[in-house]
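What follows is each chain in one-letter form.
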Amino acid sequence: MFRGHHRKVRVFFGAADIVLIALAFELAYVVRQRLELQHNFYLEPTRIALLLGWAMLVWVGLGYWWEIYDRIDAAHPRVILRDAFRQCLLGTALLVLLQYVEHYDLSRSFAGLFAGFTWFLVCLFRLNAGRLLGAVRGRFGASHFVMVVGLGEPALRLARQIEEAAFYGIRLTGFLADTPGPPEVAEIEIDGRYPVYALETLPELLRKHVIDEIIFAVDSRKLAELEEVMLACDEEGVRTRVSVDFFPHVNSQVYLDRLGGSPLLTFSATPHDEIRLLIKRALDIVLAGAALVLFFLPMLLLAAIIRVTSPGPVIFRQERCGLNGRRFVCYKFRSMCENAEALRASLDHLSHRRIALKIPNDPRLTKVGRWLRRCSMDELPQLWNVLKGDMSLVGPRPAIPEEVAQYQSWQRRRLRMRPGVTCLWAVSGRDSVDFETWMRLDMEYIDNWSLALDWKILLRTIPQVISGRGAH
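Residues numbered from 1 in each chain as written. Predicted model: local features only at pLDDT ≥ 70, side-chain atom pairs only at ≥ 80, totals over all residues. Heavy atoms only, no water.

K.L.:
When you look at the pattern of salt bridges in this model, what are you seeing that I'm missing?
P.N.:
Pairs can form between side chains of opposite charge whenever their charged atoms are close. Tallied over the full model, the rule gives 19 salt bridges. Of the charged contacts, one joins Arg126 and Asp17 as a salt bridge, the two residues approaching to 2.8 Å between their closest N and O atoms. Remark: Asp17 occurs in helix α1 (residues 3-34) and Arg126 occurs in helix α4 (residues 108-127); sequence separation between them is 109 residues. Per residue, the accessibility class of Arg126 equals that of Asp17, and both read buried. For Glu379, the salt bridge goes to Arg397, with nearest N and O atoms at 3.0 Å. Taken as a pair, Glu379 in the loop between α12 (367-374) and α13 (382-388) and Arg397 in the loop between β11 (392-394) and α14 (401-404) lie far apart in primary sequence, 18 residues in all. The burial state of Glu379 is the same as that of Arg397; both residues are buried. Several salt bridges share partner residues, and in doing so they unite Arg82, Asp83 and Arg86 into one network. (Salt bridge = Lys/Arg side-chain N within 4 Å of Asp/Glu carboxyl O. Helix = DSSP H or I, 4+ residues; strand = E, 2+ residues; numbered from the N terminus. Buried < 20%, exposed > 50% of the residue type's maximum accessible area, 1.4 Å probe, protein only.)

K.L.:
What's the story with helix α8 (residues 227-236) in this structure? I'm lost.
P.N.:
Each turn of an α-helix holds 3.6 residues, which means side chains three or four residues apart point in the same direction. Three or more residues of α8 are buried, namely Val229, Ala232 and Cys233. The buried residues of α8 all sit within an arc of 95° when viewed along its axis, so they share a single face. Of the exposed residues in α8, those oriented more than 90 degrees away from the buried face are Glu228, Asp234 and Glu235. Buried residues in α8 make contact with α7 (202-208), β5 (213-216) and β6 (239-242). Following α8 by one or two positions, Gly237 has its phi on the positive side, about 80°. (Arc of directions from axis to C-beta. Contact = heavy atoms within 4.5 Å.)

K.L.:
Explanation requested: the sheet that holds strand β2 (residues 170-176) in the structure shown.
P.N.:
Sheets are built from strands that pair by backbone hydrogen bonding, the pairs being arranged parallel or antiparallel. With mixed pairing, six strands are arranged side by side in an open sheet as β3-β4-β2-β1-β5-β6. Looking at strand neighbours, the two that pair on one side only are β3 (187-189) and β6, the edges of this open sheet. Strand-to-strand twist across the sheet, computed as the mean angle between neighbouring axes with direction ignored, equals 30°. The pairing of β3 with strand β4 (residues 193-197) spans three bridges and is classified as antiparallel. Bridge pairing in β4 places Glu189 opposite Arg193. Contacting β1 (144-149), β2, β3, β4 and β5, helix α6 (residues 153-164) crosses the sheet at an angle of about 160° to β2. (Pairing = 2+ DSSP bridges. Axes fitted to C-alpha atoms, helices over the stretch in contact; angles between N-to-C directions.)

K.L.:
Would you explain the environment of Arg78 in this entry?
P.N.:
Along the chain, Arg78 falls in helix α3 (residues 77-102). As a C-alpha pair, Arg78 and Leu127 span 49 residues in sequence and 9.7 Å in three-dimensional space.

K.L.:
Is there a simple way to think about the environment of Leu226 in this case?
P.N.:
Tracing the backbone shows Leu226 in the loop between β5 and α8. Take Leu226: its relative accessible area is 2%, and that puts it in the buried class. In this structure, the C-alpha to C-alpha distance between Leu226 and Thr179, residues 47 residues apart in sequence, is 8.9 Å. Apart from residues no more than four positions distant in its own chain, Leu226 is found in contact with Val149, Asp178, Leu199, Phe216 and Val218.

K.L.:
Is there a simple way to explain the side chain of Arg32 in this structure?
P.N.:
Structurally, Arg32 can be placed in helix α1. Overall, Arg32 belongs to the buried group, its relative accessible area being 5%. Look past the residues within four positions of Arg32 in its chain and what remains in contact with it is Leu37, His39, Phe41, Ser107, Ser109, Phe110 and Leu113.

K.L.:
Quick question: what am I supposed to make of the environment of Ile457 here?
P.N.:
Checked against the element boundaries, Ile457 lands in helix α16 (residues 451-467). Along the chain, Ile457 and Gly395 lie 62 residues apart, while their C-alpha atoms are 9.6 Å from each other. Among all residues touching Ile457, those that are not within four sequence positions of it are Val394, Thr422, Cys423, Leu424, Val427 and Tyr445.

K.L.:
Got a minute to help me understand the nonpolar core in this structure?
P.N.:
Within soluble globular proteins, side chains that are nonpolar generally end up buried alongside one another. The biggest cluster of nonpolar side chains holds 42 residues, and the ones touching the most others in it are Phe333, Leu383, Tyr407, Tyr445 and Ile457. Looking at this core, the elements with two or more residues in it are α9 (274-294), α10 (296-309), β10 (327-333), α12, α13, β11, α15 (435-447) and α16. The element contributing the most residues to this core is α15, with six residues. Beyond its immediate stretch of four places on either side in the chain, Tyr407 contacts Ile355, Ala399, Arg412, Arg414, Phe435 and Met439. (Core = buried A, V, L, I, M, F, W, Y, C linked by side-chain atoms within 4.5 Å.)

Take a look at the structure:
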């Protein structure tokens, strides 16, 4: 499905949740008032507006956070029921939390009724969403007609994907041969039969048939020869797309950018949305600043304990590799003896990793340092690195230059994201995870990055740090 169609479907499901929540709220309110219980139940209009608005915001927010709206139309009924249950359970819990914050006297029976009605209505709608979407699209929505230029395997693969998107109103109407003259075949059979037209007949096809857009799926060497065809489409106002899967960029996202008046086809193997990255940076500054204020006194106490219990500086400074290989000084509370770096070479053979030295029960750790490591308290000074912009709260852990020098080429891609205080590796076992898995977790984070994923990792980090699981 085209991204634009995908976006519309998500908006549709979000809007549907808002309507269903309002209906469930009203049903629960009416039923609770008619129940002859010990206490009468009544909410003022302003409180109803606040509770209902909060419920709508929470439900839709959870739907986007858990990516529920991306899979409703194609999910198994069991998955639909499970997702709706999780959404209703946490949504109701947050609604009850609001009543404690605002000191409302919210009936527990009303909250239970609201959760039950919401779950029932949401499940009923989502289990029938496919048929409903099809009926609505058939009655009110126009089909989107697409032609493909090209007869090779890339064109056929694209055609199959268009066929799979038929549920969303996208229709494949035929093919255009990518060379002048009569086509070698008159029709192509995939799941259905589609006519093949000569390239010269395109102006006539545009006049006689409804064609919403044309996709060019041809060899890159033929694109220059098709300039006149693209200009003809441009004059007619027909949208054109060019398939670029002939470029060997497995991990990259492709988008068009401009430098002045020059269009640039851009490949990016890391997140490139400047707005979302700006929001990530703003959150880093706000949260790191707040955390430094909150932990100021505990950090002073830790500094005093480190100073008293072992000789050497309180803060350990080490050069690390940051965004795109930039060097910066990373700060940590010292957890080892004063001459730990000098002893490193003699202990390399004890490491269970070839890269990223990690020694079980490292003899260089001080008594206080061992506890600091276990609770990750030694990382607190890195909040200052976050404020400076060297690091982010969430991102691949910063490596020392000697380790980076040993990376394989695919592992160097982790340097294309600002390093973080916590990451997927930190919440997936920490030191118990082998180096290869650690690197792949970083790639997974980069490939699937979103603001919601950052929040998930931050929330998972808290119990991981408290328990000390995986720390050596």
